[in-house]
Amino acid sequence: MPYELITFNGIALPAVRPVDDLATAPTESTLADSINDAFDYWGTDRRLPRKQVLEMTGLYVGGPAYWVDENGNFIVDENGNNLIFGADYATDLRNQTDDIKKQIGRSGALIRRRADDLTNQSKTARLLSVDHKASLDDVKRVSTVKLTFETKDPAWRSTNLTTASASYAAGSNSLTATVGGTEDITDAIIRIAATTNTTAVNITCSGVDFTYSGTITAGTTLVIDTGKLTVKNNGVDDYANFTLNAGHTKQAWLYLPNGSTLLTVVITSGTGTISVEFYNQWA
């Protein structure tokens, strides 16, 4: 498998004979009926999925308990064998199934691991159900469980934040944001930290053209969240000073395709630092 689901909210998922749901989220139809025809009301832009149900099936296997020191290192005998203080397989198995069942209804990080380089990727998901049927054949050593999750994330995210930043002054400035992964970024966060009072900021790149026309006071930060579509000046909503200009053609406020994108940042007055933050994403 290219990927495997490994944890939810830090709880280990069944690792024996797993069947991992690696499907993409489904995209809703963008076709609407008209007289003698249908038309695509989404145009040529990409329509991202809005929600997805993920399923995973596997076996939890009970095992012996080992002595460890305060750092989690195994304590061994003179032959280097790990010391066992109990072989209560049934208790270990119960603990594993209880731990995942305690997560029912909770929202958290569902982690999958890439097989070739062990890189972790994440989706925020909610555990909807734990299907667990026991039989005599399990002999208190194994439990087969089926887990069902729901998520609104269209893609899997890197667990590491990528940040591109540059200093700015009055006039035209540039910033390059480089996107890895396989997915385009439409939910980056822009931070403009003013060293001196900064007035009016215009940001452009291919298909993107927007302006913030307010003032960012020295020592404060303007945060434009292009995923949540919010604008906050020093923590206070300031959407009224945000405008998508006539040259803006993308549905997203900021669209960063895979590869490097040069952003042009025009400042009317002031100095400071501008940064673009995002998580690389994969289908």
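One can find the structure itself at the top, above this paragraph.
Residues numbered from 1 in each chain as written. Predicted model: local features only at pLDDT ≥ 70, side-chain atom pairs only at ≥ 80, totals over all residues. Heavy atoms only, no water.

Engineer: In this structure, what is going on with the overall build of the protein chain? I would like to understand it.
Structural biologist: For the protein chain, the helix and strand inventory stands at one helix and 24 strands. Each principal axis of the C-alpha atoms in the protein chain carries an extent, and together these give about 70 × 65 × 35 Å. Taken over 283 residues, the protein chain has a buried fraction of 35%. In the protein chain, of all internal contacts separated by at least 6 residues, the share reaching a separation of at least 24 is 70%. On the protein chain, roughly 15400 Å² of surface is accessible, and the fraction owed to carbon and sulfur atoms is 51%. Charged side chains of the protein chain number 24 positive and 32 negative; the gap between the two group centres comes to 4 Å. (Helix = DSSP H or I, 4+ residues; strand = E, 2+ residues; numbered from the N terminus. Buried < 20%, exposed > 50% of the residue type's maximum accessible area, 1.4 Å probe, protein only. Contact = heavy atoms within 4.5 Å. Areas by Shrake-Rupley, 256 points an atom, 1.4 Å probe, with all protein chains shown as cover. Lys, Arg positive; Asp, Glu negative; His and termini not counted. Charge placed at Lys NZ, Arg CZ, Asp CG, Glu CD.)

Engineer: Looking at this structure, how should I read the sheet that holds strand β13 (residues 162-168)?
Structural biologist: In sheet architecture, strand pairing relies on hydrogen bonds along the backbone and comes in two forms, parallel and antiparallel. Within the open sheet, the six strands sit side by side as β13-β23-β15-β18-β19-β20. Their pairing is antiparallel. At either margin of the open sheet sits one strand with a lone partner, and together these are β13 and β20 (236-237). Pairing geometry for strand β18 (residues 221-225) and strand β19 (residues 230-233), over four bridges, is antiparallel. Its bridge partner being in β19, Val 223 is matched across the sheet by Lys 232. (Pairing = 2+ DSSP bridges.)

Engineer: Just to check I follow, could you spell out the packing of aromatic side chains for this structure?
Structural biologist: Any aromatic ring pair is given by two values, namely how distant the centres are and how the planes are angled relative to each other. In this structure the tally under the stated criterion is six aromatic pairs. Ring geometry for Tyr 41 and Trp 42: centres 6.2 Å apart, planes at 75°, overall edge-to-face. On the numbers, 6.1 Å between centres and 15° between planes, the contact of Tyr 239 with Trp 253 is stacked. Of the two residues, Tyr 239 is situated in the loop between β20 and β21 (242-244) and Trp 253 in the loop between β21 and β22 (259-269); the sequence distance between them amounts to 14 residues. Accessibility expressed as a relative area gives 43% for Tyr 239, which makes it partly exposed. Counting every residue linked through ring pairs, the aromatic cluster contains Phe 210, Tyr 239, Phe 242 and Trp 253. (Phe/Tyr/Trp six-rings, centres within 6.5 Å; stacked < 30°, edge-to-face > 60°.)

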